[in-house]
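# Fold and contact review
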Amino acid sequence: MLLSTSCNNSKKRPGQDIASSPKELQQKTSSHIESLIRNAKDHKGKIDDSTVLVYYKPLETVYEKSQNGTVWSKGEQWLPIGDSMYHFIENAKLYGLFPEDYHFQQLSFIHTLFFNDSTSESDRKDATLWAKADLMLTDAFFHIVKDIKLGRLPQDSITLRKDSVLTDAFYIRQFGNLMQSGALTANIHELEPKIKAYYLLKEGIKKFLDSFDNRSYTFVPSPSKDRSKYKQLLQKRLYEGGFIATDSIPADSVQLSQALKRFQEKKGLEADGKIGNETLLALNTSDREKFLRIAITLDRFKMLPPEM
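All figures in this text were calculated on a predicted structure; none of them were measured in a lab. (Residues numbered from 1 in each chain as written. Predicted model: local features only at pLDDT ≥ 70, side-chain atom pairs only at ≥ 80, totals over all residues. Heavy atoms only, no water.)

## Section: the overall build of the protein
Quick note on the threshold: Strands are runs of DSSP state E lasting at least two residues, helices are runs of H or I lasting at least four, and both sets are numbered from the N terminus onward. A radius of gyration in this sense is built from C-alpha atoms; the matching globule rule multiplies 2.2 Å by the number of residues raised to 0.38. For every residue, the accessible area (1.4 Å probe, protein chains only) is compared with the maximum for its type, and the residue is labelled buried under 20%, exposed over 50%, or partly exposed between those bounds. Note on contacts: a residue pair is in contact if any heavy atoms of the two residues lie within 4.5 Å. Methods summary: accessible areas were calculated by the Shrake-Rupley approach with a probe of 1.4 Å, and residue burial reflects only the protein chains presented.
A count of helical and extended segments in the protein gives 14 helices and four strands. The C-alpha atoms of the protein give 25 Å as radius of gyration, which overshoots the globular expectation for 308 residues (19 Å, by more than 25%). C-alpha extents for the protein along the principal axes are approximately 75 × 55 × 30 Å. Looking at the protein as a whole, 44% of its 308 residues are labelled buried. For the protein, the share of sequence-separated contacts (at least 6 apart) that also reach a separation of at least 24 residues comes to 63%. About 17,200 Å² of surface is accessible on the protein, with carbon and sulfur atoms providing 52% of the total.

Structure follows, in structure tokens:
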């Protein structure tokens, strides 16, 4: 769909506002930013059917200072800090975060349109796209600041931090620091917990993601509950993982045992072909489930005080 949309430049998208010159693009984009912020204020952050600016209050202050000019791009190009911000969101999982929390789907769509319009014939001249992208990147930055400093978990009675609520002034100050230094990673690092175990866990994420399996697998119940259903679901799960040739023809006990051994060998378990507790747990623990546990654990470190 992305390629189809970007290649078929003769068809105008709804809301498209093409500028005829760099100066006009700047003026049109500024006008759209002002209008979108006003719309966000009137509709609790909502700027269109699929986009909500969660931090529209500090965001308004940022754009008042820039006179509604773009802060992540200039003309028809991303600024280096804009590129850094986009790629940080794209790789947010390295910090135990989730790209979809930071407008990544919409930003990726716009990024693809700009990339495919390398000759600046249409999409790169669209003031609406530049305005929305800029606002979403700013909102994403504020959201990341909050999630890095306090975590994504709701603050409750086990929270030991005194600064469990961040003010608009704090967000604006962090944005100012970023724009002054231009060093996104360093600014983010300053907000992270200063706890060794946090960094030890985070260091392992890249290696884990390099072999990440995003597929969903069939849940295998305990054989003590329903033996016939257990065998059927076990075979299906082993087939999904490539450990047995088929799931349409019922396998006998020997075939299931051999497939289980292959699974156990791959998972570093004792390859006895039997369905013990460790094997059952491994069958029902997907890489996505493991990543959720990592993300939650990193968030729990953020609920601790700065110094133990």
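## Considerations on the environment of serine 31
Position of serine 31 among the secondary structure elements: in helix α2 (residues 22-42). Owing to a relative accessible area of 43%, serine 31 belongs among the partly exposed residues under this scheme. Sequence-wise, serine 31 and aspartate 210 are 179 residues apart; in three dimensions their C-alpha atoms are separated by 43 Å.

## Focus: helix α3 (residues 56-65)
This is how the line gets drawn: Note: the arc covers the axis-to-C-beta directions of the helix.
If you check which residues of α3 are buried, you get Tyr56, Pro58, Leu59, Val62 and Tyr63. One face of α3 carries all of its buried residues, which in axial projection span an arc of 160°. Exposed residues pointing more than 90 degrees away from the buried face of α3 are listed as Lys57, Glu64 and Lys65. Buried residues in α3 make contact with α2, α6 (127-149) and α7 (168-181). One or two positions beyond α3, positive phi appears at glutamine 67, with a value near 55°.

## A closer look at the confidence of the model for the protein
Basically, it comes down to this: Confidence scores per residue from the predictor, reported as pLDDT, run from 0 to 100.
Averaged over the protein, the pLDDT score is 91; the fraction of residues at 70 or greater is 92%. Per-element averaging of pLDDT across the protein places helix α1 (residues 2-7) at the bottom with 45 and helix α4 (residues 80-90) at the top with 98. A low-confidence stretch, residues 1-10 stays under pLDDT 50, and its non-local contacts, those more than four residues away or across chains, total 13 contacts.

## Brief notes about the environment of glutamate 203
Tracing the chain through its elements places glutamate 203 in helix α9 (residues 196-203). Each C-alpha atom, one on glutamate 203 and one on proline 306, is 20 Å from the other, the two residues being 103 residues apart in sequence.

## Some details on the pattern of salt bridges
Heads up, the rule is: Here a salt bridge means any side-chain nitrogen of Lys or Arg lying within 4 Å of a carboxyl oxygen belonging to Asp or Glu.
Across all of its chains, the model carries 11 salt bridges by this definition. Salt-bridge contacts for lysine 41 lead to glutamate 60; the nearest nitrogen and oxygen are separated by 3.0 Å. Separated by 19 residues along the polypeptide, lysine 41 in helix α2 and glutamate 60 in helix α3 bring together distant segments of the chain. With a relative accessible area of 46%, lysine 41 lands in the partly exposed category. Across the pair glutamate 192 and lysine 202 runs a salt bridge whose closest N-O atoms are separated by 2.8 Å. Pair noted here: glutamate 192 is in the loop between α8 (184-191) and α9 and lysine 202 is in helix α9, with a separation of 10 residues, a long-range link.

## Comments concerning the packing of aromatic side chains
Test applied: Centres within 6.5 Å make a pair out of two Phe, Tyr or Trp rings, where for Trp the six-membered ring is used; the pair is then stacked when the planes are under 30 degrees apart, edge-to-face when over 60, and tilted otherwise.
Scanning all chains against the criterion turns up 18 aromatic pairs. Considering the side-chain rings of tyrosine 86 and phenylalanine 104, the 5.8 Å spacing of their centres and the 35° angle between planes classify their relative orientation as tilted. Of the two residues, tyrosine 86 sits in helix α4 while phenylalanine 104 sits in helix α5 (residues 104-116), which places them 18 residues apart along the sequence. The burial state of tyrosine 86 is the same as that of phenylalanine 104; both residues are buried.

## Observations regarding the nonpolar core
Put simply, the test is: Take the buried Ala, Val, Leu, Ile, Met, Phe, Trp, Tyr and Cys residues and link them wherever side-chain atoms come within 4.5 Å; each set so joined is a nonpolar core.
With 53 residues, the main nonpolar core has Tyr63, Trp72, Met85, Ile89, Phe141 and Ile144 as its most contacted residues. Of all hydrophobic cores here, the second largest spans 14 residues; its members include Leu234, Leu256, Leu260 and Leu283.

## Thoughts on unusual backbone geometry
Even without glycine at this site, glutamine 67 takes up a positive phi of about 55°. Mapped onto the fold, glutamine 67 is located in the loop between α3 and β3 (73-74). Exposure remark for glutamine 67: the relative accessible area of 68% places this residue in the exposed category.

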